[in-house]
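Single-letter residue listing:
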Amino acid sequence: MEAFLNPTRLSLKINNTKSPTNSVTEIKKQNIQTMKHILNLAIVALLVASCAENKSKTKALANNSETTTYSGTASVTQGIATTITEDLYTCERGRKTDVGEITSTDGKKWTVPAKTNYTNDDFPFSEDLFNSCEGNNYKTLEEALSNFDDSKIVDIDEDGEIFTAYIFADNYFEMYVNGTPVGKDKVPFTEFNSSIVKFKVQKPFTIAMKLVDWEEHLGVGCEANRGKPFHNGDGGMVAVIKDKQNKTVAITNKDWKAQTFYTAPIKDLSCVSEEGNYRYSKNCDTQGGQDGTSFYALHWELPTNWMHTDFDDSNWPNATTFTNKTIGVDNKPSYTNFTSIFDAAENDADFIWSTNVVLDNEVLVRYTVK
């Protein structure tokens, strides 16, 4: 304000009585004009000062919004992971199935999208209900079952009963029964497939599954899709378990337990919250973007015995259910060819996942068949 009112810069004569040509009236007019000029200068100075103050506040607010504090139980990573395995599986029209590794701010190393048994020969593959990557485009359940290799039935209990699980997973699953591996997905990413798993066991038995939503941009849970280089993919799994008499003994629904262990992408860490063992990202942005190289991710360590019958999952959230439309399966023959199983009128199975089917990328689910 001093710059505008400095008297050394104002050659103003308020009482110019020395001029013989100025009348009293003219002097008054000059004095009024001068006062107006000074008032205008003062107003301009105040406006400039006000604008400068507002700009300063705006900048401070922007800086505050860029600095986010996270106080949850997860380990935090930011940015793209380092690729450690390329092309875990290849399919002519499928997406790349790479695996990466990234270090969190607390110094821990994480495998993304998940640490799996895909290359472990001791963990059996499932058989195909539908698999266009390998040319098994079965149109009916009868056709798929006629091509099932009975040597792939996993014996858990010698005097047990044979059960059959029909599974559609977006994208990948590993299934255990009473802690024994019984089947893993043949196709980690796409083309979308569906699977048959058979096992011999006594009731009651506990099903435990690792579910993985695969990713192209390792470490931030994104793929190139729908016009965005960094699009948030979604998950979802549906399963029906039948006995030897073809009676349904279990379907996926809200009675299953589901817990998330990898959530991404997170643009602002303040959007996530935890309530006991509930891990919520429901308030987070799911729009993806053109550049996600600085997105965050949250990681939780898996319990070592999560697949066993004696694991206590009572404090895990119940599974969240989703419609066919939400998951987007109405145009996928790996699902629509078998709606008589998955959408049976008397036992309509739900798609299940954790609380956020878009952002949660590694989920464990459990259910006991009695």
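Residues numbered from 1 in each chain as written. Predicted model: local features only at pLDDT ≥ 70, side-chain atom pairs only at ≥ 80, totals over all residues. Heavy atoms only, no water.

Broken down by element type, the protein chain carries six helices and 22 strands. The 370 residues of the protein chain split such that 46% are buried. Within the protein chain, counting contacts between residues at least 6 apart in sequence, those at least 24 apart form 75% of the total. A total of about 19000 Å² of accessible surface is found on the protein chain, and carbon and sulfur atoms cover 47% of it. (Helix = DSSP H or I, 4+ residues; strand = E, 2+ residues; numbered from the N terminus. Buried < 20%, exposed > 50% of the residue type's maximum accessible area, 1.4 Å probe, protein only. Contact = heavy atoms within 4.5 Å. Areas by Shrake-Rupley, 256 points an atom, 1.4 Å probe, with all protein chains shown as cover.)

Before going further, it helps to examine the sheet that holds strand 16 (residues 257-266). Read across the sheet, seven strands follow the order 1-19-16-22-11-8-9 without closing on themselves; strand pairing throughout is antiparallel. Edge positions in the open sheet fall to strand 1 (75-78) and strand 9 (180-184), since each of these has one partner strand only. Averaged over all pairs of adjacent strands, the angle between their axes in this sheet comes to 20 degrees, without regard to strand direction. Here strand 16 pairs with strand 19 (residues 296-299) via three bridges, running antiparallel. Paired with Tyr262 across the two strands is His299, which belongs to strand 19. (Pairing = 2+ DSSP bridges. Axes fitted to C-alpha atoms, helices over the stretch in contact; angles between N-to-C directions.)

A few words on the packing of aromatic side chains. Counted by the stated rule, this structure contains 19 aromatic pairs. Judged by centre distance (5.9 Å) and plane angle (35 degrees), the ring pair of Tyr278 and Tyr280 falls under tilted. A relative accessible area of 16% places Tyr280 in the buried class. Cluster of aromatic residues (ring-pair linked, three or more members): Tyr89, Tyr118, Phe125, Tyr172 and Trp214. Between the NZ or CZ atom of Arg279 and the centre of the ring of Phe261, over which it lies, the distance is 5.1 Å. (Phe/Tyr/Trp six-rings, centres within 6.5 Å; stacked < 30°, edge-to-face > 60°. Lys NZ or Arg CZ within 6 Å of the ring centre and 35° of its normal.)

To continue, consider the sheet that holds strand 2 (residues 82-85). One open sheet accounts for three strands, arranged 2-3-4; its pairing is antiparallel. Strand pairing shows two members of the sheet lacking a second neighbour, strand 2 and strand 4 (109-112), which therefore form its edges. Taking the axes of each pair of neighbouring strands and ignoring which way they run, one obtains an average angle of 35 degrees across the sheet. Across four bridges, strand 3 (residues 99-103) lies against strand 4 in antiparallel orientation. Following the sheet pairing, Glu101 is matched in strand 4 by Thr111.

All right, on to unusual backbone geometry then. In this model, Val112 is joined to Pro113 through a cis peptide bond whose omega is 5 degrees. Looking at where Pro113 falls in the secondary structure, it is placed in the loop between strand 4 and strand 5 (127-130). For the peptide bond that leads from Asp170 to Asn171, omega is 5 degrees, which places it in the cis range. Secondary-structure assignment places Asn171 in the loop between strand 7 (161-169) and strand 8 (172-177).

Counting across every chain of the model gives two disulfides. Between the sulfur atoms of Cys91 and its disulfide mate Cys133 the distance is 2.0 Å. The sign of the -95 degrees torsion about the S-S bond sets the Cys91-Cys133 disulfide as left-handed. One end of the pair, Cys91, is in the loop between strand 2 and strand 3; the other, Cys133, is in the loop between strand 5 and helix 3 (141-146), and 42 residues separate them in sequence. Across the disulfide, Cys271 is cross-linked to Cys284 (sulfur-sulfur distance 1.9 Å). Taking the sign of the torsion about the S-S bond as the criterion, the disulfide between Cys271 and Cys284, at about 90 degrees, is right-handed. (Disulfide = S-S within 2.5 Å.)

Attention shifts here to the nonpolar core. In terms of nonpolar packing, the biggest core is built from 52 residues, with Ile167, Met175, Phe199, Met209 and Ile241 touching the most fellow members. Looking at this core element by element, the count peaks at six residues for strand 7. Listed in part, the 19 residues of the second largest apolar core include Val76, Val272, Met307 and Phe311. (Core = buried A, V, L, I, M, F, W, Y, C linked by side-chain atoms within 4.5 Å.)

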